[in-house]
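Below, each chain spelled out in residue letters.
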Amino acid sequence: MARAYASGFGGVIASEEPLASYAGARILEAGGNAVDASIAVSFTLAILVPHLGGIGGDFFALLSTPNGRVEVLNGSGQSPRGLSLELLEERGLKGVPERGPLSIVVPGMVGALYEMWRRYGTLEWSKILEVPVKLAREGFPAPPSLVNAVKLYSNVLGLDEGSKLTYLNPPPRLWEPYRFKGMALLLESIALDPQSLYEGEVAEAVARYVEGRGGLLGLEDMKSYKPEWVEPLKASYKDWVLYEVPPNSQGVTTLHIMKLLEERGLVEDPYGIDRFKGVVEVAIPCYRWRDLNIGDPRYMKVGVKELLSSRVLEEIKGLTSASKSGDLGLHGDTTFHAVADRDGMVVAGIQSLFYPFGSAITEPRFQVTLNNRATGFTTDKGLPNTLAPSKKPLHTLSALIMVDGGSGRVVAVGASGGHYRPQLHAVFATNIIDYSMNLEEAINSPRAAWDWGTGRLVVERGVKGTVQGHVVVERLGVANAVEILGRARGGATDMRGDGVPVALP
């Protein structure tokens, strides 16, 4: 395994693309803090891997300030005001289509990044966007992730004129120069006015294109969008304190799994199938409870402060089935990055369109590929996550910050993975806490997880032992992580991806 760990006193960035890590390091070198750097990384990722975390998607951040206060920025978007169960019935649909114009919710990423800068940023907003603007306008060597995604989803992209013009005319070729002229116009507009995606010329173009395709995302939906600062969920695990993202995110499921694992205990071999079967056995009822109780907090019957109560944990233990009928949930995609600066601020940022290329609907002038996050709703009536107008869906995006109560070590970790994410976070956390792995080992060791869509165990090569009916895959998500160890800041990237960590002296 090639080493993918970097450490320095001046800060560190871990992301899925080397140029994105560079963009963040450049901001830290210019005197920016972790928030400034995270914004630069996020916009750069939106250009380099738009299928994973483009500007038409959502963004969540878990932040730890230099004094140890942890906050959450929820940058998920709400459903259009015209999208309802009744409308689906009128159109003869049993649910929200997986792709296409009806699958779109308001894109929250840009609004969230600007809000994060307004509260904590130090550098000039337009300066932070200089590298992503340059890459979009002048081009970049097309990375494997983008090239492979365009090949794999060319049939889907070809169904929409905007997507066809953006990604297939011509398609990117590996490491050859590629650029997005429309995205350059988009970022130049955002650099001048961060609200332009929601109120200006860009917003009008996006709404007009979506409505022309038969969608419901309108200008009023865009104008009404506001990101939210919320309190993190917090739980103890042995000598550590774990922080996760609250609903409408599924972050609570990570903490439910961890609390049940703490009661149950773990087997000695971190690489054996029995270790992962133990995680799965506690995870299944946690997912079932999630599906019955988590969604937009305004519709939940359980208060956010009650989510980790002993009553809820006992309730979870009494549940069993949680699987849906369908395919393996491997189609969801995301990109996570983390930054730690010289002063001790940490940002764990995660962005996604949900599926690769989201709805596969792309406004052609500004090349905004829109999410398909509305597919996260259920059409089962009476649940917190039942589809309704102007409502946020149950969200798969979350991040994990861990603080060692003894040493003060801080770890921020996350990964792509969709519905697998709570299990992956639990694996990373137990790798570090229970199996004493260093940060690089913790995110690179083989993993396995239970598939919410089929009820089968999905196993990476390298896990020892077998279980009847399991599915072998090459990878389960791509992780990145940073840590604070006294004065040192360290970062690690996953061998499953293309990223590198960059540290400053």
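First, a word on scope: everything that follows refers to the structure included in this document. (Residues numbered from 1 in each chain as written. Predicted model: local features only at pLDDT ≥ 70, side-chain atom pairs only at ≥ 80, totals over all residues. Heavy atoms only, no water.)

1. Observations concerning the overall build of the protein
The secondary structure content of the protein amounts to 19 helices and 21 strands. The C-alpha atoms of the protein give a radius of gyration of 21 Å, which matches the 23 Å a tight globule of 505 residues would have. Taken along its principal axes, the extent of the C-alpha atoms in the protein is 60 × 55 × 40 Å. Split into buried and exposed, the 505 residues of the protein put 64% on the buried side. Summarising the internal contacts of the protein: among those between residues at least 6 apart in sequence, 73% fall at separations of at least 24. Summing over all exposed atoms, the protein offers an accessible surface of approximately 18300 Å²; the carbon and sulfur share of this is 50%. If you average the places of the 51 positive and of the 56 negative side-chain charges in the protein, the two averages end up 1 Å apart. (Helix = DSSP H or I, 4+ residues; strand = E, 2+ residues; numbered from the N terminus. Rg over C-alpha atoms; globule rule 2.2 N^0.38 Å. Buried < 20%, exposed > 50% of the residue type's maximum accessible area, 1.4 Å probe, protein only. Contact = heavy atoms within 4.5 Å. Areas by Shrake-Rupley, 256 points an atom, 1.4 Å probe, with all protein chains shown as cover. Lys, Arg positive; Asp, Glu negative; His and termini not counted. Charge placed at Lys NZ, Arg CZ, Asp CG, Glu CD.)

2. Considerations on the packing of helix 2 (residues 34–48) against helix 5 (residues 109–120)
Packing of helix 2 against helix 5 brings their axes to within 9 Å, and their N-to-C directions diverge by 165°. Relative to helix 5, helix 2 is oriented roughly antiparallel. As for how helix 2 packs across helix 5, the hand of that crossing is left-handed. Of the residues in helix 5, those in contact with Val35, Asp36, Ser38, Ile39, Ser42, Phe43 and Ala46 of helix 2 are Met109, Val110, Leu113, Met116, Trp117 and Tyr120. (Axes fitted to C-alpha atoms, helices over the stretch in contact; angles between N-to-C directions. Parallel < 35°, antiparallel > 145°, perpendicular 65-115°, else oblique. Left-handed = near helix turned anticlockwise from the far one by under 90°.)

3. Re empty space enclosed by the protein
One water molecule sets the probe size; rolling that probe over the atoms shows where empty space is left. A complete count under the given rule lists two cavities of 30 Å³ or more for this structure. When its volume is computed, the largest cavity comes out at roughly 40 Å³. Elements with a contribution of two residues or more to the lining of the largest cavity: helix 11 (181–192) and strand 13 (368–370). When the residues that make up the lining of the largest cavity are grouped by side-chain class, the tally is seven nonpolar, four polar and no charged. (1 Å grid on protein atoms, 1.4 Å probe; cavity = no way out; pocket = protein on both sides within 12 Å on 5 of 7 lines; lining within 4 Å. Points joined across faces, edges and corners; volume = space filled by probe spheres on them. Nonpolar A, V, L, I, M, F, W, Y, C, P; charged D, E, K, R; others polar.)

4. Examining the packing of aromatic side chains
The tally for this structure, following the rule as stated, stands at 13 aromatic pairs. With a centroid separation of 6.0 Å and 35° between ring planes, the pair formed by Phe140 and Phe180 is classed as tilted. With Phe140 in strand 5 (residues 140–141) and Phe180 in the loop between strand 6 (177–178) and helix 11, the pair connects residues that are 40 residues apart, well separated along the chain. Comparing Phe140 with Phe180 shows no difference in burial state: the two are buried. Taken together, the ring pairs connect Phe140, Tyr153, Tyr167, Tyr178, Phe180 and Phe357 into an aromatic cluster. Across the ring face of Phe9, the terminal group of Arg487 is positioned such that the distance to the ring centre comes to 3.9 Å. (Phe/Tyr/Trp six-rings, centres within 6.5 Å; stacked < 30°, edge-to-face > 60°. Lys NZ or Arg CZ within 6 Å of the ring centre and 35° of its normal.)

5. Considerations on the pattern of salt bridges
By the definition in use, this model includes 28 salt bridges. As a salt-bridge pair, Glu231 and Arg69 come within 3.1 Å of each other at their nearest N and O atoms. One end of the pair, Glu231, is in the loop between strand 7 (228–230) and strand 8 (233–237); the other, Arg69, is in the loop between strand 3 (58–64) and strand 4 (70–75), with 162 residues separating them in the sequence. Exposure remark for Arg69: the relative accessible area of 40% places this residue in the partly exposed category. The salt bridge involving Glu314 is made with Lys317; its shortest N-O contact spans 3.0 Å. In this pair, Glu314 and Lys317 both sit in helix 17 (residues 310–317), three residues apart, roughly one turn of the helix. (Salt bridge = Lys/Arg side-chain N within 4 Å of Asp/Glu carboxyl O.)

6. Focus on the nonpolar core
Proteins that are soluble and globular tend to have nonpolar side chains buried together. Phe43, Ile55, Met116 and Leu129 are the most contacted members of the largest nonpolar core, which has 78 residues in total. Per-element tally for this core: the top contributor is helix 2, with 11 residues. Discounting residues that sit within four places of it in the chain, Phe43 has contacts with Ile55, Met109, Val110, Leu113, Trp125, Leu129, Pro132, Leu187 and Ile190. Counting 60 residues, the second-largest nonpolar core is a separate cluster that includes Leu233, Leu424, Trp450 and Val473. (Core = buried A, V, L, I, M, F, W, Y, C linked by side-chain atoms within 4.5 Å.)

7. Brief notes about the environment of Gly121
Inspection of the secondary structure assignment puts Gly121 in the loop between helix 5 and helix 6 (125–128). Considered as a pair, Gly121 and Leu48 are 73 residues apart in the sequence and their alpha carbons are 23 Å apart. Residues contacting Gly121, with those up to four places away along its chain left out, are Val35, Asp36 and Met116.

8. Let's talk about the sheet that holds strand 20 (residues 488–493)
Taking strand neighbours across the sheet as the criterion, the seven strands line up as 1-20-19-15-14-9-8 in an open arrangement whose pairing is antiparallel. What marks the edges here is a single partner per strand, and that holds for strand 1 (5–8) and strand 8. For this sheet the average axis-to-axis angle between neighbouring strands, irrespective of direction, equals 15°. Sheet topology places strand 9 (residues 240–244) next to strand 14 (residues 400–404); four bridges connect them, and they run antiparallel. Paired with Leu242 across the two strands is Met402, which belongs to strand 14. Contacting strand 8, strand 9, strand 14, strand 15 (410–415) and strand 19 (479–485), helix 18 (residues 421–433) crosses the sheet at an angle of about 145° to strand 15. (Pairing = 2+ DSSP bridges.)

9. Description of the pairing of strand 2 (residues 11–14)
A two-sided burial pattern is seen for strand 2, the buried positions comprising Gly11 and Ile13 on one face and Val12 and Ala14 on the other. Relative to strand 10 (residues 333–341), strand 2 is paired through four bridges, and the arrangement is antiparallel. Note that in strand 10 the partner of Ile13 across the bridge is Val339. Bridge count between strand 2 and strand 21 (residues 501–504): four bridges; the pairing is antiparallel. Within the sheet, the bridge partner assigned to Ala14 lies in strand 21 and is Pro501.

10. Re the environment of Ala203
Turning to its location among the elements, Ala203 is positioned in helix 13 (residues 201–212). According to the relative accessible area criterion, Ala203 is buried, its value standing at 0%. Sequence separation of Ala203 and Lys223 is 20 residues, and the distance between their C-alpha atoms is 8.4 Å. Apart from residues lying up to four places away in sequence, Ala203 is in contact with Ser196, Leu197, Tyr198 and Leu219.

11. A few points about the sheet that holds strand 3
Spatial ordering of the open sheet is given by 7-4-3-11-10-2-21, a layout of seven strands whose pairing is antiparallel. Since the sheet does not close on itself, it has two edges, and those belong to strand 7 and strand 21, each with one partner. Adjacent strand axes in the sheet meet at a mean angle of 15° when their direction is disregarded. The pairing of strand 3 with strand 11 (residues 346–354) spans seven bridges and is classified as antiparallel.

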